[in-house]
Amino acid sequence: MIVPVLAAPLGPNVLIESRATLQENFFPPGGGKPYDHRHFIGVTYIQADYLATPHLTVVGGYFLTPFGTYNERLGPIWISNFQDFPLIYAIGAMQGSVLGGQVRGNAYSNSHVSLDYAAYYSGHSSNEQIVSQHATGGKFEAHFPKQQLEVGYSFGRVLQGTHSNSNGFHVWWTPQQLPLKIRSEYAHGIHSQGYWIETDYRLSKFGGENSLIGRIEPVFRMQQTFRNSAGSDGLPGQDTQRADFGLSYHLPHEFRIKTSYARQFTSGGNKNIWETGIVYRFLTPTWKGSK
């Protein structure tokens, strides 16, 4: 999988952003036949950002839905601890991206608290690359820098077909004294609800981040979903519990090995899930900037 990202400034106030996915899958078709393959190319987002004031950024185009934290912050493969998204990801995500307009920024900040906001309105699109629902929503976050704590609320409403609401809450804690991160989200949709809690601890206390042991980062995620009613919403069809155990090893030059084991429990049967991947991230200027 290749995930190219573009960030192109046009003057001091305008930024063009885009991300895409190029993926090639190889799989055994069965019956003793040789491996087959399938490719996928998709646009994740393509947008223009106008920095109107220090407290307001106006966004237009096809952008990531501002609901919860995973979609905007943890979704890229070079950031996420696990290779698959949480089970509740589809709640409020509006298929991940929407086509329309958005305003976001910092409403207020001082040494004790910082308040951020985002609000959007999107139209319907059935284009193969630009799939969008007619919807509206946004989120509000409060950051407490001294405690390294963040809490937030998200809201989304589908305005096409059967109108429905989605609500979400999240709590993040990243203490300064420890190389520890604790992240959590809860989301409630028309058919399902659930939560996930994820934590990781980089063993950098043992000789520093570049030591043999300091490159190791154990991760853990617990998640549950609860089915409220029958419906197609991208979540499991029955109540589900899942525990993910992972290990990341940070190699030099932005290489990372990620491996994980998950045990999933449902009324329809239990199963094990094993995943392993190698991630490499690099940055390069497209053209030279002017001094």
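See the structure printed just above.
Quick look at the structure, then. (Residues numbered from 1 in each chain as written. Predicted model: local features only at pLDDT ≥ 70, side-chain atom pairs only at ≥ 80, totals over all residues. Heavy atoms only, no water.)

**Quick word on the overall build of the chain**
The test is simple: Strands here are runs of E lasting at least two residues and helices are runs of H or I lasting at least four, both read from the DSSP assignment and numbered beginning at the N terminus. Here the globule rule is a power law, 2.2 Å times the number of residues to the power 0.38, and the radius of gyration is based on C-alpha atoms. Three exposure classes are used, based on accessible area relative to the maximum for each residue type with a 1.4 Å probe and protein chains only: buried under 20%, partly exposed in between, and exposed over 50%. We call two residues in contact when some of their heavy atoms are within 4.5 Å. In these tables, accessible area is a Shrake-Rupley quantity obtained with a 1.4 Å probe, and a residue counts as shielded only by the protein chains included in the view.
Helix and strand counts for the chain come out as one helix and 17 strands. What you see for the chain is a C-alpha radius of gyration of 20 Å, in line with the 19 Å of a compact globule of 291 residues. The dimensions of the chain, computed from C-alpha atoms along their principal axes, are 60 × 55 × 40 Å. Expressed as a percentage of the 291 residues in the chain, the buried residues total 38%. Residue pairs at least 24 apart in sequence account for 47% of intrachain contacts in the chain once pairs closer than 6 positions are excluded. Total accessible area on the chain stands at roughly 16200 Å², and carbon and sulfur atoms take up 61% of it.

**Remarks on a nonpolar patch on the surface**
Where we set the bar: Candidates for patches are residues over 30% relative accessible area with no salt bridge; among them, like charges are joined within 9 Å and nonpolar side chains (Val, Leu, Ile, Met, Phe, Trp, Tyr) within 5 Å. By definition, a salt bridge exists where a carboxyl oxygen of Asp or Glu is found within 4 Å of a side-chain nitrogen of Lys or Arg.
Residues Leu 251, Phe 255, Ile 257, Ile 278, Tyr 280 and Phe 282 make up a contiguous nonpolar surface patch of about 590 Å² in total accessible area. Mapped onto the nonpolar patch, the elements with two or more residues apiece are β16 (255–266) and β17 (271–280). Tracing the backbone through its elements, the reader meets Leu 251 in strand β15 (residues 240–251). Looking at Leu 251, the relative accessible area reads 33%, which means it is partly exposed.

**A word on the nonpolar core**
Inside soluble globular proteins, nonpolar side chains tend to come together where they are buried. Inclusion rule: By nonpolar core is meant a set of buried Ala, Val, Leu, Ile, Met, Phe, Trp, Tyr and Cys residues that side-chain atoms within 4.5 Å join together.
Within the largest apolar cluster, nine residues are counted, these being Phe 67, Tyr 70, Leu 74, Ile 88, Ile 91, Trp 172, Ala 187, Trp 196 and Leu 235. Excluding residues within four positions of it along the chain, Tyr 70 makes contact with Gly 75, Ser 80, Phe 82, Asp 84, Phe 85, Pro 86, Glu 185, Trp 196, Glu 198 and Arg 221. Counting seven residues, the second largest nonpolar core, distinct from the first, contains Val 59, Phe 63, Val 98 and Tyr 120.

**A closer look at the pattern of salt bridges**
As enumerated under the stated definition, the model contains 14 salt bridges in all. The partner of Arg 73 in a salt bridge is Glu 141, with the nearest N and O atoms 2.9 Å apart. Taken together, the residues Arg 73 in helix α1 (residues 70–74) and Glu 141 in strand β9 (residues 135–144) connect sequence positions 68 residues apart. Owing to a relative accessible area of 24%, Arg 73 belongs among the partly exposed residues under this scheme. The closest approach of N and O atoms between Arg 221 and Glu 198, which form a salt bridge, is 3.7 Å. Of this pair, Arg 221 sits in strand β14 (residues 216–227) while Glu 198 sits in strand β13 (residues 192–201); the two residues are 23 residues apart in sequence, bridging distant segments of the chain.

**A short note on the packing of aromatic side chains**
Where we set the bar: In summary, the pairing rule links any two rings of Phe, Tyr or Trp, Trp by its six-membered ring, whose centres are within 6.5 Å, and it sorts them by plane angle into stacked for under 30 degrees, edge-to-face for over 60 and tilted for everything else. In our convention, an over-ring charge means Lys NZ or Arg CZ found within 6 Å of a ring centre and within 35 degrees of that ring's normal.
Counted by the stated rule, this structure contains nine aromatic pairs. On the numbers, 6.3 Å between centres and 75 degrees between planes, the contact of Phe 63 with Tyr 120 is edge-to-face. Taken together, the residues Phe 63 in strand β4 (residues 56–64) and Tyr 120 in strand β6 (residues 114–123) connect sequence positions 57 residues apart. Classification of Tyr 120 by relative accessible area gives buried; the value is 3%. Where Tyr 153 meets Phe 169, the ring centres are 5.2 Å apart and the plane angle is 45 degrees; that geometry is what we call tilted. With Tyr 153 in strand β10 (residues 149–158) and Phe 169 in strand β11 (residues 164–173), this pair connects stretches of sequence that are 16 residues apart. An aromatic cluster is built from Tyr 70, Phe 85, Tyr 89 and Trp 196, whose rings are joined through pairwise contacts. Directly above the aromatic system of Trp 172 lies the positively charged group of Arg 73, at a separation of 4.6 Å from the ring centroid.

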